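Chains, contacts and geometry: an overview
Residues per chain are reported as follows:
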There are 2 protein chains.
Amino acid sequence: MARPKAQPYHHGQLREALAASGRALLEEKGIRGFTLRECARRAGVSHAAPAYHFASIDDLLAELAVRGFQELAAAMTAEADRAEGGATGRLVGQGVGYMAFAAGNPALFQLMFSRDANRLETPALTAAADAVRKLQAAAVEAVIPHASGEVKQRMVDFAGASVHGFISLLLDGQIGGKDSSRALKARGLSLLSAMAETVVRVGG
Amino acid sequence: MARPKAQPYHHGQLREALAASGRALLEEKGIRGFTLRECARRAGVSHAAPAYHFASIDDLLAELAVRGFQELAAAMTAEADRAEGGATGRLVGQGVGYMAFAAGNPALFQLMFSRDANRLETPALTAAADAVRKLQAAAVEAVIPHASGEVKQRMVDFAGASVHGFISLLLDGQIGGKDSSRALKARGLSLLSAMAETVVRVGG
DNA sequence: CCTGAATCTTGACGTTGGAAAGAGGCAGAA
DNA sequence: TTCTGCCTCTTTCCAACGTCAAGATTCAGG
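Residues numbered from 1 in each chain as written. Chains lettered and ligands numbered in written order. Predicted model: local features only at pLDDT ≥ 70, side-chain atom pairs only at ≥ 80, totals over all residues. Heavy atoms only, no water.

Let's shift gears to the confidence of the model for chain A. Residue and element names in this part refer to chain A. Here chain A shows a mean pLDDT of 92. Residues at 70 or above account for 94%. Predicted confidence in chain A is weakest over helix H6 (residues 115-120), with a mean pLDDT of 71, and strongest over helix H4 (residues 86-104), with 98. Note that pLDDT drops below 50 for residues 1-9; the model gives that stretch zero contacts with residues more than four away or on any other chain. (pLDDT = per-residue confidence, 0-100. Helix = DSSP H or I, 4+ residues; strand = E, 2+ residues; numbered from the N terminus. Contact = heavy atoms within 4.5 Å.)

The following block contains the structure:
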C-alpha cells in the first residue's frame, strides 16, 4: 500500500518531477540558462539526485526533446482532425498545429531542432522526430496521391520547410517585429495557404 | 613605429584574435561547448584578458553573430550577382548564397538565428540582421514589382521561410539523413525553384 | 525482522564566467 | 629624456556548475 501523499515514497516520481521542472526552467531561462542543479532545486531534491534518473544533463535535455516531439505530433494530429476541407484542409490544419505548438513552447521547440540535441541521437529521440516527419509526409501525400515519389518528396520538403522556417523566424524576432499577434496569425495562415496551393499545383 | 611581429604590441589585435578563435571554437564545439576561457587560451592570452574587449561571453557571441550576418549578406549578394535569368534568377541565386553560407558555417548560423543571441539585441546585431532581411525583400519585390504591398510582404515571408526552413532542417538532420551531398543540393535547388514559381504566380 | 537493492544526500574535484587588484607597456606632457 | 596617466593584460579570488564517490535512508521480498 503506497503512502498517498505527504512525502510520497522517497520522492517517488522524481523522473517525472525533473522533466516537469526542467521544461519550465527551459522556457524560463532558455537553453543557455538551463542548469541541472536549478532543475533539481525546483524538484525539491539535492543537486546529485538527478544522476540516478538521467545519466547527464544532455540526457535530460534529450528526454525533454523526446516529449516535445510527442506533444508536437499530438498537436498536429488534433488540429488536422479538427480541420475541414479534405486533404488540403488537413494539411493546412497540421501546419497550424505545428506553429501553435512552437509558439507555445519556443525554447523547447528550439531545443528539439538544435543540432546539440540531435547530437545525442538516442533511439527514442530519433523515433519521436521520425513520427513527426511521417505525419507531415502523409498529410502532403494525401493531397497529391497520384504524383511520383520524387515529386512527393519535393513537396514534403517544401511544405515542411515553409512551415518550420516561418515559425522559426517568427520566434527569433526576424519576422513581424512589432506586429500584433492577430496580424502575425494572419500572415501565418496566408503562408500556409500559399504553401498548400503550391503543393496542389505542382503535385497535381 | 609599431613592432612588426614577435610579440606585436602587448597583443595588439586581441579583439580580432578572439573573434577568430571564437568562431573556430564555435564551429568545433557547438554553442553549448563554447567557453570564454578556451577562446582566450587559443588566442594565447589569460582567461581574463577578453573582459576588456567584450563585456561578457554573450557580448562576444553577439559580435560573432554580427559578423556572421555581414558575411551572410555578402554571400547572398555575390551569388545573386553571378546568377542569370533576371529578377527571378537573382532571387534563386540569393537563396543559393543563403544556403551555402549556412552549410559552411552551421554553428554560427544556428547562433545567429537563436533567440539567445537575439536576446542581446545590440544595435549592431539588429542592424546586421535588418540588412539581410532588406536584401531578401528587395530580391522578392524585384520579381513582382506590380504587386500590392501586402502581397509583397506575404511573398517575402514565404520566400524567406522556405529557404531558411529547408537549410535549417537539413543542418539539423531532419531532412535527407543519408542522402549524398549531390542529391541534397538537387533537393535544395528544386525547393528554390518551387519557391520562385510560387512568388511569380501569386504575385504576378 | 533482516538483508540487498534502489534512491537520495553529502562532500569533493575540476572547470566555468566574472570581479578585483596589481603589473607591464604605451603615449603625451614636461 | 623622464614623468605621469591610461590602456592592456595577468594573477588571484569567488560562487556556481556538472559529475563522481561515499555514506545515509528507505523500500521490497524473504
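As a further point, take the protein's contact with DNA strand C. Contacts to DNA strand C come from 22 residues, most closely from Ser46, Tyr52 and His53 of chain A together with Leu36 and Arg37 of chain B. Of all DNA strand C atoms lying within 4 Å of any protein atom, the proportion belonging to sugar or phosphate reaches 65%. The contact in question runs from a phosphate oxygen of DNA strand C to an N or O atom on the side chain of His53 of chain A, over 2.7 Å. Side-chain polar atom of His47 of chain B to a base oxygen of DNA strand C: 3.1 Å apart, as the coordinates give it. For the surface near DNA strand C, the element with the most residues is helix H2 (residues 36-43) of chain B, which contributes three residues. Across the surface near DNA strand C, the residue classes tally to nine nonpolar, ten polar and three charged. (Near = heavy atom within 4 Å. Polar contact = N/O pair within 3.5 Å; in protein donor to acceptor, adjacent residues only side chain to side chain. Nonpolar A, V, L, I, M, F, W, Y, C, P; charged D, E, K, R; others polar.)

All names here are of chain A. Scanning the model with the defined rule gives nine aromatic pairs over all chains in all. On the numbers, 5.4 Å between centres and 70 degrees between planes, the contact of Phe69 with Phe113 is edge-to-face. Taken together, the positions of Phe69 in helix H3 (residues 57-82) and Phe113 in the loop between helix H5 (106-112) and H6 put the pair 44 residues apart, joining distant regions of the chain. (Phe/Tyr/Trp six-rings, centres within 6.5 Å; stacked < 30°, edge-to-face > 60°.)

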